[in-house]
Amino acid sequence: MPAAAAGGALIALLLGLFGGGGSVLATPLLLYVVGIADPHVAIGTGAAAVALNAAGNLAVQARAGMVKWPCALSFAGAGLAGSLAGAALAQQLDGQALLGVFAVAMLAVGLAMLRPARNVGNPDVHIDAAMILKLLPVGLAVGLAAGFFGIGGGFLIVPGLMAATGMTLANAAASSLVSVLVFGVATAGTYAAAGRVDVPALIAMAAGGIIGVIAARSLAPRLASRAALARQLFAVMVITTALYVGWRALG
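Remember, predicted model here, so these are calculated numbers, not experimental data.

Trainee: Explain the overall build of the protein to me, and be specific about the residues and the numbers.
Mentor: The secondary structure content of the protein amounts to ten helices and zero strands. The secondary structure elements of the protein, listed N-terminal to C-terminal, are α-α-α-α-α-α-α-α-α-α. Computed over its C-alpha atoms, the radius of gyration of the protein comes to 17 Å, within 12% of the 18 Å expected for a compact globule of 251 residues. Each of the three principal axes of the protein carries a C-alpha extent, and together these read 50 × 35 × 30 Å. Relative to its 251 residues, the protein shows a buried fraction of 51%. On the protein, roughly 10700 Å² of surface is accessible, and the fraction owed to carbon and sulfur atoms is 70%. Distance between charge centres in the protein, computed from 11 positive and 5 negative side chains, equals 14 Å.

This is how it looks when you write it as C-alpha cells:
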C-alpha cells in the first residue's frame, strides 16, 4: 500500500505539471512495484486512480481559470463512446498480449513527449460550429486509444485540442484534464463491472494523489523556466519503462 500511495502521488504530480503522460506509468507501477499479478486488474485500477487524480488537478486548474470548458466538454463528450469501446475491446485480449501492445503505446508516448512543445496560440479562443467539427473526430479517436490502453491520453489530448482550437499550451494542458477524467471514469467503470479493480490499491493511490496535486501546484511555477528539460527527462523515463514492460511481456 505505501508503494501504491507513492505511485498515486507521482502520477498526480506529473498530470499537474505536464497535463498528460503520467498516466502511462500507472499500469507498470501496479504490476511491478505494487505487485498486482493480473494485467487487466492493473489497467482497471490504474484508470480509476488516474481519473481521481485528474479530478483533483482539474479543480486546481478550473479555479485558476485555465480550463476552456466548451472546447474541453466537446472533446470529452466525443471521446466517451470511444473510451467505452476501447476498454471493452481490451478486456477480450490475453493479458500478456495486451501488455505487449501497451509497451508499444508507452514508447509512442515517450517519443511524442521528446518533441518540443509549442506554446503559441490564442488565450481567448471561443468555440464555434467549425471548431466542433474538428474536435469531435479527434476526441473519438483519442478516447478509443485511452480506453483500450487504460491511460488518460493527455499526451494526445493536448496536441489535439491545440490543433483543433488554436488554444495555448497552458490552456490545452488544463482543458485536457476534463477528458482524462471522463475517459478514466469510463474505462474504470468497464473494468469494475467485470470485477477488475483492486479497491485497496485504488484507495492508496487516491490518497497519495492528494499529495501529488498539492506538490504540482507549488512546483509548476518554479519549473516554468526549465519545463523543456523536465519534459525530456520524463520522456526518457517513459521510454525506459516501455522497454522494460515490453521485455517482461515477451518473457
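Trainee: Hey, could you go over the environment of L202 for me, with residue numbers and the actual values?
Mentor: Position of L202 among the secondary structure elements: in helix 9 (residues 199-223). In contact with L202, not counting residues within four places along its chain, are T45, A48, A49, L52 and V197.

Trainee: So what's going on with the side chain of T187? Which residues, and what values?
Mentor: Positionally, T187 belongs in helix 8 (residues 169-193). Given the relative accessible area of 1%, T187 is considered buried. A polar atom in the side chain of T187 sits 2.9 Å from the backbone oxygen of F183. Excluding residues that lie within four positions of it along the chain, T187 makes contacts with A47, S83, A87, A146, G147 and G150.

Trainee: Quick one: what's the story with helix 4 (residues 69-90), residue by residue and with numbers?
Mentor: Taking 1.5 Å as the rise per residue, helix 4 with 22 residues should run 32 Å; its terminal C-alpha atoms sit 30 Å apart, in good agreement. Helix geometry: helix 4 is bent most strongly at G79, by close to 35 degrees. All buried positions along helix 4 are accounted for by C71, A72, S74, F75, A76, A78, G79, G82, S83, G86, A87 and A90.

Trainee: Please provide a residue-by-residue account of a nonpolar patch on the surface, values included.
Mentor: A cluster of nonpolar side chains, L107, L111, L114, V236 and L243, forms an exposed patch at the surface whose accessible area comes to about 420 Å². Those elements giving two or more residues to the nonpolar patch turn out to be helix 5 (95-114) and helix 10 (227-250). Among the elements that line the nonpolar patch, the one with the most residues is helix 5, at three residues. By the element assignment, L114 lies in helix 5.

Trainee: Lay out the packing of helix 3 (residues 39-63) against helix 5 with the relevant residues and their values.
Mentor: Between helix 3 and helix 5, the shortest axis-to-axis distance is 8 Å and the interhelical angle comes to 50 degrees. On the basis of their axis angle, the class for helix 3 and helix 5 is oblique. When helix 3 is examined against helix 5, the residues P39, H40 and I43 are found in contact with a partner set consisting of G95, Q96, L98 and L99. Grouping the constituent residues of the contact of helix 3 with helix 5 by class yields four nonpolar, three polar and no charged.

Here is what the cut-offs are and how they apply
- Residues numbered from 1 in each chain as written.
- Predicted model: local features only at pLDDT ≥ 70, side-chain atom pairs only at ≥ 80, totals over all residues.
- Heavy atoms only, no water.
- Helix = DSSP H or I, 4+ residues; strand = E, 2+ residues; numbered from the N terminus.
- Rg over C-alpha atoms; globule rule 2.2 N^0.38 Å.
- Buried < 20%, exposed > 50% of the residue type's maximum accessible area, 1.4 Å probe, protein only.
- Areas by Shrake-Rupley, 256 points an atom, 1.4 Å probe, with all protein chains shown as cover.
- Lys, Arg positive; Asp, Glu negative; His and termini not counted.
- Charge placed at Lys NZ, Arg CZ, Asp CG, Glu CD.
- Contact = heavy atoms within 4.5 Å.
- Polar contact = N/O pair within 3.5 Å; in protein donor to acceptor, adjacent residues only side chain to side chain.
- Expected span 1.5 Å × (residues − 1).
- Bend = angle between axes of the 7 residues up to and from the residue.
- Patch = residues over 30% accessible without salt bridge, like charges linked within 9 Å, V, L, I, M, F, W, Y side chains within 5 Å.
- Salt bridge = Lys/Arg side-chain N within 4 Å of Asp/Glu carboxyl O.
- Axes fitted to C-alpha atoms, helices over the stretch in contact; angles between N-to-C directions.
- Parallel < 35°, antiparallel > 145°, perpendicular 65-115°, else oblique.
- Nonpolar A, V, L, I, M, F, W, Y, C, P; charged D, E, K, R; others polar.

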